[in-house]
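# Reading the structure
Each chain, written out:
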Amino acid sequence: MTDTKKVPNPIDIHVGSRIRLRRTMIGMSQEKLGDSLGITFQQIQKYEKGSNRVGASRLQNLAGILNVPVSFFFEDAPGSDAVVPGGLEETSTSYVVNFLSSSEGLQLNRAFVKISDPKVRRRLIDLVKTLADGDEGTV
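Summarised in this report is the structure supplied together with it. Note that the coordinates shown come from a computational prediction; the quantities given were computed from them, not determined experimentally.

Definitions and cut-offs
Residue positions are given per chain, counting from 1 as you read along its sequence in written order. Only residues with pLDDT of at least 70 are given local features in this predicted model, and only at 80 or more are side-chain atom pairs given and counted; all residues enter the totals for whole chains, interfaces and linings. Side-chain calculation: all heavy atoms of the structure are included, whereas hydrogens and water are not. Secondary structure elements follow DSSP: runs of H or I of four or more residues count as helices, runs of E of two or more count as strands, with numbering from the N terminus. Burial classes follow relative accessibility: with a 1.4 Å probe on protein chains only, a residue under 20% of its type's maximum area counts as buried, one over 50% as exposed, and anything between as partly exposed. A contact between two residues is defined here by any heavy atoms of the two lying within 4.5 Å. All accessible areas in this document rest on Shrake-Rupley with a 1.4 Å probe, and a residue is counted as covered only by the protein chains that are shown. The aromatic pairing rule takes the rings of Phe, Tyr and Trp, using the six-membered ring of Trp, and pairs them if the centres are within 6.5 Å, calling planes under 30 degrees apart stacked, those over 60 edge-to-face and the rest tilted. Placement of a charge over a ring requires the Lys NZ or Arg CZ to be within 6 Å of the ring centre, with the centre-to-atom vector within 35 degrees of the ring normal. Residues grouped as a nonpolar core are buried Ala, Val, Leu, Ile, Met, Phe, Trp, Tyr and Cys residues, joined through side-chain atoms within 4.5 Å. Simply put, an axis is a line fit to the C-alpha atoms, just over the touching stretch for a helix, and the angle between two N-to-C directions goes from 0 to 180 degrees. Put simply, angles under 35 degrees are roughly parallel, angles over 145 are roughly antiparallel, angles from 65 to 115 are roughly perpendicular, and the rest are oblique. By convention, the crossing between two helices is left-handed when the near helix turns anticlockwise from the far helix through less than a right angle, and right-handed when the turn is clockwise. Throughout this entry, Asp, Glu, Lys and Arg are counted as charged residues, while Ala, Val, Leu, Ile, Met, Phe, Trp, Tyr, Cys and Pro are counted as nonpolar. The remaining residues, Gly among them, count as polar. Computed over the protein atoms alone on a 1 Å grid, cavities are sets of points where a 1.4 Å probe fits but cannot get out and pockets are open sets with protein on both sides within 12 Å along at least five of seven lines; a residue lines them when it has an atom within 4 Å of a point. Grid points are joined across faces, edges and corners, and a volume is the space filled by probe spheres set on the points.

### Remarks on the overall build of the protein
Scanning the protein from N- to C-terminus turns up seven helices and zero strands. N-terminal to C-terminal, the α/β element order of the protein is α-α-α-α-α-α-α. Counting every position in the protein, which comprises 139 residues, the buried fraction comes to 25%. If you take every contact in the protein between residues at least 6 apart in sequence, the share linking residues at least 24 apart comes to 57%. Entry remark: accessible area of the protein is about 9900 Å², with carbon and sulfur atoms responsible for 55%.

### Things to note about the packing of aromatic side chains
Using the criterion set out here, one finds one aromatic pair in the structure. With a centroid separation of 5.6 Å and 80 degrees between ring planes, the pair formed by F72 and F73 is classed as edge-to-face. The ring centre of F72 lies 4.0 Å from the NZ or CZ of R18, which sits over that ring.

### Section: the nonpolar core
I19, L33, L62, L66 and F73 are the most contacted members of the largest nonpolar core, which has 18 residues in total. Broken down by secondary-structure element, the contributors of at least two residues to this core are α1 (10–25), α2 (30–37), α3 (41–49) and α4 (56–66). Other than its neighbours up to four places away in sequence, F73 contacts H14, V15, R18, I19, L59, L62, A63, L66 and V68.

### A short note on the packing of α2 against α4
Interhelical geometry of α2 versus α4 gives an angle of 120 degrees and a closest axis separation of 10 Å. Accordingly, the angle class assigned to the pair α2 and α4 is oblique. The two elements α2 and α4 meet at a crossing, and its hand is right-handed. Counting all contacts with α2, which are made through L33, S36 and L37, the residues of α4 involved are R58, N61, L62, I65 and L66. For the contact of α2 with α4, the class distribution of residues is five nonpolar, two polar and one charged.

### Overview of the layout of surface pockets
For the largest pocket, the calculated volume is near 250 Å³. Every residue along the wall of the largest pocket is listed here: F99, L100, L108, N109, F112, L124, I125, V128 and K129. Residue assignment for the lining of the largest pocket shows that the elements contributing at least two residues are α5 (94–101), α6 (103–113) and α7 (118–135). The element contributing the most residues to the lining of the largest pocket is α7, with four residues.

Spelled out as structure tokens, the structure:
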């Protein structure tokens, strides 16, 4: 018996994750975004999961509301021609997107930018590097 459940297209999933990323970065709720577009928050949820495809005009509206260019939604999309040189994966922006898509990453980023003293920021970065170096031997 075959599974009749439709699997979302990877591009639709990626675009949805970028919508969610930007929405959470600016602290906007699904409900407020939906109201701005004249749709329900459930529709926003479907867009963000990739289960519903975002049309071109709606994507243009989203870009305006979220204050990003339309191209933002396609950065690092699966199947893109961008080739990352061997061993330089950290130069790709995908790790930043993954970090900011996580609850912890978003919280850490918001708290960090509130620190006004550059010396405190530097000490925090040094602390995080030290903690990360200590974790290299663990799995």
